Amino acid sequence: MEDTLSALRSLMSSHSPPLHALVVPSEDYHQSEYVSARDKRREFVSGFSGSAGLALITMKEALLWTDGRYFLQAEQQLSDQWKLMRIGEDPAVDVWMADNLPKDASIGVDPWCISVDTAQRWERAFAEKHQKLVQTTKNLVDEVWTKRPPEKINAVIVHPLEFAGRSVADKLQDLRKRLAQEQARGIIFTALDEVAWLYNIRGSDVAYCPVVHAFAIVTTNSAFLYVNKEKVSVEVKTHLEENAIEIRDYTAVSSDAALLATDELDALSSAKGSLAAVTKEAEKSPNELNKGVNGKHRAEEHSNDLVWVDPGTCCYALYSKLNSETVLLQQSPLALAKALKNPVELDGLRKAHVRDGAAVVQYLVWLDKKMQEIYGASGYFLEGNSTKKEKGSESFKLTEVTASDKLEGFRASKEHFRGLSFPTISSVGPNAAIIHYSPQAETCAELDPDKIYLCDSGAQYLDGTTDITRTVHFGKPSAHEKACYTAVLKGHIALGNARFPNGTNGHALDILARVPLWKDGLDYRHGTGHGIGSYLNVHEGPHLISFRPQARNVPLQSSMTVTDEPGYYEDGNFGIRLENVLVVNEADTKFNFGDKGYLSFEHITWAPYQTKLIDLNLLMPDEISWLNSYHSKCRDILAPYLDEAENAWLQKATEPVAV
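Residues numbered from 1 in each chain as written. Predicted model: local features only at pLDDT ≥ 70, side-chain atom pairs only at ≥ 80, totals over all residues. Heavy atoms only, no water.

As named in an unreviewed UniProt entry, the protein chain is Actin patch protein, taken from Stylosanthes scabra.

And the structure:
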């Protein structure tokens, strides 16, 4: 690590101009949350492996910013050369740079790895002291990363209409209507899930996310996919060509963005010629040839001169190729279109969650049996101290990793399984207090019958993406653990049962999940809910349920998906989280004040809550009623997917409770 920092500082000194600081973001060229191994530059320089964070290297200091999910993990992983900066508690990175770096300082960053939004925000912060953001022509981390993993050639696949629910032609038609509304003649897509969704393709370029490293540009007349052509099979080529999408080299996006800026890109495409377009043009009458859309003369069409980029996802490098005066900086129209699931996607998501719930129940049955056999635990249903306190022998012991591998095995046996949707958070006792804990085989903990076990996991299926968290105890939970679990459950139920008018955003709803915790002076440092993809990214926007200001940006709408996942974490002791995926539906309310229309949530995740961990005295009658009703549905929905012994276990796990 010392060598890496020294090598980077040497490159910073010799850079023209010399750099006072170097920013190393977590993101790749597409501003992805999860990135491929060769794009984990921030992890390489800092040793911190969380999915969110930013490293800043000056000539004398090395600092790492991350959010509340990762405070504990960062403390454990950062060497003493690094200083942890806690987002929300310490000064923001742009504020710190403006205040602590010298006047006229040069701050280097790879413009491919930073969004337009972020770059412009920093430039505003730097203005007062005449500091400047310098776009490096090479990524300096890549220069010192001698063992950087090579690029993998992973095949692009077509995502069939039976799962996608909407054709590419339909999506492009809607997109071009939006371009016309916004007076834009073209749009650049850099977000990997948007490219995959628009063109109905999937891939495996990023672990856990079925996406392809690709860019897309769509104009009024043309469509382009920028991808390594070695990844494109004949089937995929045919699929793209049928939809009039031209395949270009991945690296050509930079020069093509410049052509788009000067309105020469369509000419490049049309020069290659499309027989259909030529035929269509030849069939027009002379009068039609002199007219454009809605009969406007062609000269007037040039009022549609804007190029649309999403400032939150488009990298600064591509933005720099455009004429800033004719750029429309606005959220991508695909962000919302993708979040509003079509009926086929919703049907697939519901089915995927049933199969996934069955896998989780099979895992809990297996784990319950093993905890009793190996550790003498009282088990999932009974409260008692374990009879054998010694740890399991090497050949028999259960660890956080061997247990989660078993869960993956149960999922892998299910129809349409394509892999996990994120690294399983399988965490015992103190590790469960690390919100995004990622166990490693060499260092992970052994399961312990006397400690809480939190398991947050999910899978990718062709018909949907899943994300579920359950927290269990196989011994005798303390009264405090029960009270905390019950407070989390109450918040989880309150949010899931919410009814609210159209136009309500996730910032307004977030409090519902926290109130039961707040009553006892407890809270948690993460948002309460995120959207989920349809065989795409497990974290999907543009909406979210959170205390963060961006949760105000987009209201919840019917046919969106969102998670419901409050928690509580006690450093050094335990962590609790409960998570289901919800679908937003129109609510059938008795009245309709203001003619707004009202919305409600539908749970599509099915797995029991451990009643042993619930202090029933803290639940209200309507909460008990909801719990019994949910458990009854669990039994009925999962029964066909379980064998006799598993069904007997589930029957017991979902027995009605009463105070």
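Draft legend 1. Structural detail: the packing of helix α22 (residues 621-638) against helix α23 (residues 644-653). In the contact formed by α22 and α23, the axes pass within 9 Å of each other and the chain directions differ by 170 degrees. If you check the angle between α22 and α23, you find them roughly antiparallel. The segment α22 lies against α23, with His631, Cys634, Arg635 and Leu638 engaging Leu650, Gln651 and Ala653. In terms of residue class, the contact of α22 with α23 is made up of four nonpolar, two polar and one charged. (Axes fitted to C-alpha atoms, helices over the stretch in contact; angles between N-to-C directions. Helix = DSSP H or I, 4+ residues; strand = E, 2+ residues; numbered from the N terminus. Parallel < 35°, antiparallel > 145°, perpendicular 65-115°, else oblique. Contact = heavy atoms within 4.5 Å. Nonpolar A, V, L, I, M, F, W, Y, C, P; charged D, E, K, R; others polar.)

Draft legend 2. Fine view of the UniProt feature "domain: Peptidase M24 C-terminal" (unreviewed entry) in the protein chain. The positions UniProt marks with the feature "domain: Peptidase M24 C-terminal" (unreviewed entry) are residues 597-657. Helix and strand shares over residues 597-657 are 46% and 10% respectively, and the end C-alpha atoms of the span are 35 Å apart. (UniProt positions renumbered as here; feature names shortened; annotations may be inferred.)

Draft legend 3. Structural context of helix α20 (residues 479-496). For α20, built from 18 residues, the straight-helix expectation of 26 Å at 1.5 Å per residue is met to within 8% by its first-to-last C-alpha distance of 26 Å. Taken across its 18 residues, α20 has 14 buried, putting it largely inside the fold. (Expected span 1.5 Å × (residues − 1). Buried < 20%, exposed > 50% of the residue type's maximum accessible area, 1.4 Å probe, protein only.)

Draft legend 4. Quick look at the environment of Glu579. Relative to the helices and strands, Glu579 resides in the loop between β26 (574-577) and β27 (580-586). Placed 18 residues apart in sequence, Glu579 and Thr561 show a C-alpha to C-alpha distance of 13 Å. The contact partners of Glu579, leaving out residues within four places of it in the chain, are Asp456, Asp467, Ile468, Thr469, Arg470, His492, His530, Thr563, Asp564, Glu565 and Thr605. Engagement of the side chain of Glu579 in a polar contact is seen with the side chain of Thr469, the distance being 2.7 Å. (Polar contact = N/O pair within 3.5 Å; in protein donor to acceptor, adjacent residues only side chain to side chain.)

Draft legend 5. Spotlight on the nonpolar core. Counting residues in each nonpolar core, the largest one holds 82 residues, and the members touching the most others are Tyr363, Leu367, Tyr453 and Phe601. When residues no more than four places from it in sequence are discounted, the contact partners of Leu367 are Leu398, Leu447, Tyr453 and Phe474. Counting residues in each nonpolar core, the second largest holds 44 residues, with Val156, Ala196, Val232 and Ile532 among its members. (Core = buried A, V, L, I, M, F, W, Y, C linked by side-chain atoms within 4.5 Å.)

Draft legend 6. Region of interest: the side chain of Asp368. Structurally, the position occupied by Asp368 is in helix α18 (residues 343-375). An unpaired buried charge is present at Asp368: no salt bridge exists, and Lys612, the closest side chain of opposite charge, is 7.2 Å distant. At a separation of 2.9 Å, a polar atom in the side chain of Asp368 contacts the side chain of Gln372. (Lys, Arg positive; Asp, Glu negative; His and termini not counted. Salt bridge = Lys/Arg side-chain N within 4 Å of Asp/Glu carboxyl O.)

Draft legend 7. Focus on unusual backbone geometry. Across the junction of Ser16 and Pro17, the peptide omega takes the value 0 degrees, indicating a cis bond. Turning to its location among the elements, Pro17 is positioned in the loop between α1 (2-14) and β1 (21-25). Backbone torsion omega between Gly541 and Pro542 reads 5 degrees, so that peptide bond is classified as cis. Structurally, Pro542 is set in strand β23 (residues 540-545).

Draft legend 8. Highlighting the sheet that holds strand β8 (residues 184-189). The strand order across the open sheet formed by six strands is β12-β11-β10-β8-β13-β14, and the pairing between neighbours is mixed. Among the strands making up the open sheet, the edge pair consists of β12 (245-248) and β14 (327-329). On average, adjacent strands in this sheet sit at an angle of 20 degrees to one another, irrespective of strand direction. Here strand β11 (residues 223-226) runs beside β12; their pairing, made up of four bridges, is parallel. Considered in β12, the bridge of Ala223 is made with Ile245. Of the strands in this sheet, β8, β10 (215-219), β11 and β12 are in contact with helix α9 (residues 192-199), which crosses β10 at around 55 degrees. (Pairing = 2+ DSSP bridges.)

Draft legend 9. Structural context of the sheet that holds strand β15 (residues 417-420). In space, the three strands of this open sheet follow the order β15-β18-β19, with antiparallel pairing throughout. Where the open sheet ends on each side, the last strands, each with one partner, are β15 and β19 (464-465). Bridging between β15 and strand β18 (residues 459-461) involves three bridges; their strand directions are antiparallel. Residue pairing across strands places Gly419 opposite Gln460, the latter belonging to β18. The strands that helix α19 (residues 400-412) touches are β15 and β18; relative to β15, the one it contacts most, it runs at about 160 degrees.

Draft legend 10. Representation of the pattern of salt bridges. Applying the stated criterion to the full structure yields 33 salt bridges. The salt bridge partner of Glu182 is Arg178, with a shortest N-O separation of 3.4 Å. Accessibility expressed as a relative area gives 24% for Glu182, which makes it partly exposed. Between Arg355 and Asp463 there is a salt bridge, with the nearest N and O atoms lying 2.7 Å from each other. Residue Arg355 is found in helix α18, and its partner Asp463 is found in the loop between β18 and β19; the two are separated by 108 residues along the sequence. Per residue, the accessibility class of Arg355 equals that of Asp463, and both read buried. Counted as one network, the salt bridges with shared partners bring together Asp39, Arg41, Asp142 and Arg148.

Draft legend 11. Layout of the packing of helix α4 (residues 93-100) against helix α5 (residues 116-127). Between α4 and α5, the shortest axis-to-axis distance is 9 Å and the interhelical angle comes to 25 degrees. Viewed along their axes, α4 and α5 adopt a mutual orientation that is roughly parallel. α4 and α5 meet at a crossing whose hand is right-handed. Side by side, α4 and α5 meet where Val93, Asp94, Met97 and Ala98 of the first sit next to Arg121, Trp122, Ala125 and Phe126 of the second. A breakdown of the residues in the contact of α4 with α5 according to their chemical character gives six nonpolar, no polar and two charged. (Left-handed = near helix turned anticlockwise from the far one by under 90°.)

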